[in-house]
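Understanding the architecture of this molecule
Okay, here's what each chain looks like letter by letter:
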Amino acid sequence: MNVVPVAEPRWWYDPELAGSSAPRLLAPVSWVWGQVAAARLRGAPDFRSRYPVVCVGNFTAGGTGKTPLTIALGNGLRELGYEPLALTRGYGARKGPPRWVDASGATADDVGDEALLLARTMPVVVSADRAAGAAFIEAERPAAPRTVILMDDGLQNPTLAKDVAIAVVDGRRGIGNGRVIPAGPLRARMADQWPLVDAVVVNGGARDWTVADLARPPADGNPLNFLDRAQVPVVRATMLPSSDTAWLRERPVFAYCGIGNPARFYDLLQELGAEALETRTFSDHHPFTEREAAELIELAGRTGATLVTTEKDWVRLSGLGGVRGDLKAKSRPLPVALAFDVKGQKTLLDVVCAGIEERTQKA
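I will try to describe carefully the structure that is included in this document. Source: prediction; values computed, not measured.

Parameters at a glance
Residues numbered from 1 in each chain as written. Predicted model: local features only at pLDDT ≥ 70, side-chain atom pairs only at ≥ 80, totals over all residues. Heavy atoms only, no water. Helix = DSSP H or I, 4+ residues; strand = E, 2+ residues; numbered from the N terminus. Expected span 1.5 Å × (residues − 1). Buried < 20%, exposed > 50% of the residue type's maximum accessible area, 1.4 Å probe, protein only. Arc of directions from axis to C-beta. Contact = heavy atoms within 4.5 Å. Phe/Tyr/Trp six-rings, centres within 6.5 Å; stacked < 30°, edge-to-face > 60°. Lys NZ or Arg CZ within 6 Å of the ring centre and 35° of its normal. Salt bridge = Lys/Arg side-chain N within 4 Å of Asp/Glu carboxyl O. Pairing = 2+ DSSP bridges. Axes fitted to C-alpha atoms, helices over the stretch in contact; angles between N-to-C directions. Parallel < 35°, antiparallel > 145°, perpendicular 65-115°, else oblique. Left-handed = near helix turned anticlockwise from the far one by under 90°. Nonpolar A, V, L, I, M, F, W, Y, C, P; charged D, E, K, R; others polar. Core = buried A, V, L, I, M, F, W, Y, C linked by side-chain atoms within 4.5 Å.

Once that is clear, we can look at helix 9 (residues 290-303). For helix 9, built from 14 residues, the straight-helix expectation of 20 Å at 1.5 Å per residue is met to within 8% by its first-to-last C-alpha distance of 21 Å. Buried within helix 9 we find E292, A293, L296, L299 and A300. All buried residues of helix 9 lie within an arc of 135 degrees about the axis, which places them on one face of the element. Of the exposed residues in helix 9, the ones pointing more than 90 degrees away from its buried face are R291, G301 and R302. Tucked into the core, helix 9 has its buried residues touching strand 9 (253-257), strand 10 (276-281), strand 11 (306-310) and helix 11 (322-330). G304 lies just past helix 9 and shows a positive phi near 70 degrees.

The following block contains the structure:
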């Protein structure tokens, strides 16, 4: 189920507000949402590709690190001799049939910001209809036995059959109050989502998450039997800078972003020793206007601060002229990559490769 980006209420993730009146009042709406989501998840897929499909999704609305994980998996699979390519719906992109992403000339308006990030490391197909996108890949690559389709997002999308599904969880926030949208951040009840996944990647945070933590009975009291899935591996990962960051400490920074979890970006800047004089937060996938670009440039100029943003926001400004082009030129992106320890990376790749090989033998 595609989720419309919304401003996250504090009580989604704040334990002190979990028992507030708002979640209880919204519980009937959440029940309806959960029933609709469950019905969709029980439906048979519209299409099964002859190529293995590995889905990288999340249990909750908001950013958890799906695109960085897709990139990391692509790099890992390529080293093992596979030919990974990404399939993404291209949030915010122009409507149209399935198409390849031109990494050198496309803009975020054409294909979406996440597609541009993915296209730096692997071929990418943009398709709002995931099943149609997979069919397009088969038509374009009729004889490519080592091809693996990495689907960025879409854990709750039932149209395309998945051979492996990985859920990414924010290690600081987990699954929040355990309630379904709008009473909580879950895209569907955990009882309906947990059977979908073959592995879980916990991105950041100091806590050691376990299966029991992630699949605990939700706040609405519905029982959740996860024991038959207790063997699902939970792998830890950390978002780290992928280039030198000494420049962050040369002078104060003015940080801005429009991503699903802006706090993670600001926290990373602080951990790297950056002095943030001011921050400006926009909604996820926000299309910057000329006026907003001018304001950011002016505010940073007043204090002599360096404009800093995420790679996702930076590529969203690619190919634009005017003041937005100036904003891109004056801003420095903070490149990051998802890092695993040796054991965690092997565990994750073993799960993925097992699913790939099983699908290959059946094709």
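Let's shift gears to the packing of aromatic side chains. Scanning the entire structure with this criterion turns up 5 aromatic pairs. Ring geometry for F282 versus F288: centroids 5.1 Å apart, planes at 85 degrees, classification edge-to-face. Taking relative accessible area as the criterion, F282 reaches 14% and is therefore assigned buried. For F288, a relative accessible area of 3% translates into the label buried. Site record: aromatic cluster; members linked through ring pairs are Y256, F282 and F288. The aromatic ring of Y51 is capped on one face by R50, whose charged end is 5.2 Å from the ring centroid. Between R173 and the ring centre of Y13, over which it is positioned, the NZ or CZ distance is 4.1 Å.

Attention shifts here to the pattern of salt bridges. All told, the structure shown has 20 salt bridges when counted by the stated rule. Here D153 and R187 are joined by a salt bridge, their closest N and O atoms 3.3 Å apart. On the criterion of sequence distance, the pair formed by D153 in the loop between strand 5 (147-152) and strand 6 (164-170) and R187 in the loop between strand 6 and helix 6 (190-193) is long-range, its members being 34 residues apart. Both residues of the pair, D153 and R187, count as buried. The partner of D192 in a salt bridge is R189, with the nearest N and O atoms 2.8 Å apart. By relative accessible area, which is 17% here, D192 ends up buried. Connected through shared salt-bridge partners, R48, D163 and R359 make up one network.

In terms of burial, strand 6 is largely enclosed, as 7 of its 7 residues are buried. A two-sided burial pattern is seen for strand 6, the buried positions comprising V164, I166, V168 and D170 on one face and A165, A167 and V169 on the other. Sheet analysis places strand 1 (residues 53-57) next to strand 6, joined by 4 bridges and oriented parallel. Bridging across to strand 6, V56 finds its partner in I166.

Turning to the pairing of strand 8 (residues 234-241), a few remarks are in order. Where strand 7 (residues 199-203) meets strand 8, 4 bridges bridge the pair, whose relative direction is parallel. Note on strand 8: the bridge partner recorded for V202 is R236.

In this section: the packing of helix 9 against helix 11. With their axes 8 Å apart at the nearest point, helix 9 and helix 11 run at an angle of 40 degrees to one another. What the angle tells us is that helix 9 and helix 11 run oblique. As helix 9 runs across helix 11, the sense of the crossing is left-handed. Across the interface between the two elements, E290, A293, A294, L296 and I297 from helix 9 touch G322, V323, R324, D326, L327 and K330 from helix 11. In terms of residue class, the contact of helix 9 with helix 11 is built from 6 nonpolar, 1 polar and 4 charged.

This brings us to the sheet that holds strand 7. Note on sheets: strands pair through backbone hydrogen bonds, and any given pair is parallel or antiparallel. Across the sheet, which stays open at both edges, the 9 strands sit in the order 3-4-2-5-1-6-7-8-13 with mixed pairing between neighbours. Each of the sheet's edge strands pairs with one partner strand only, and the pair in question is strand 3 (99-100) and strand 13 (336-339). Relative to strand 5, helix 2 (residues 66-79) is tilted by about 170 degrees, and along the sheet it contacts strand 1, strand 2 (83-88), strand 5, strand 6, strand 7, strand 8 and strand 13. The strands that helix 12 (residues 342-362) touches are strand 1, strand 5, strand 6, strand 7 and strand 8; relative to strand 6, the one it contacts most, it runs at about 150 degrees.

Our next topic: the nonpolar core. In this structure, V54, L69, L73, L77, V101 and I166 are the most contacted members of the largest nonpolar core, which totals 39 residues. The biggest single contributor to this core is helix 12, with 6 residues. Core analysis: the next-biggest nonpolar cluster, separate from the first, contains 29 residues, A144, A165, V202 and V211 among them.

This part covers the sheet that holds strand 9. The 4 strands lie next to each other as 10-9-11-12, forming an open sheet whose pairing is parallel. Either end of the sheet is taken by a strand with one partner, and the two such strands are strand 10 and strand 12 (331-334). Neighbour-to-neighbour, the strand axes of the sheet open up by a mean angle of 25 degrees, direction not taken into account. Helix-sheet contacts for helix 8 (residues 262-271) involve strand 9, strand 10, strand 11 and strand 12, and the interaxial angle to strand 9 is about 160 degrees.

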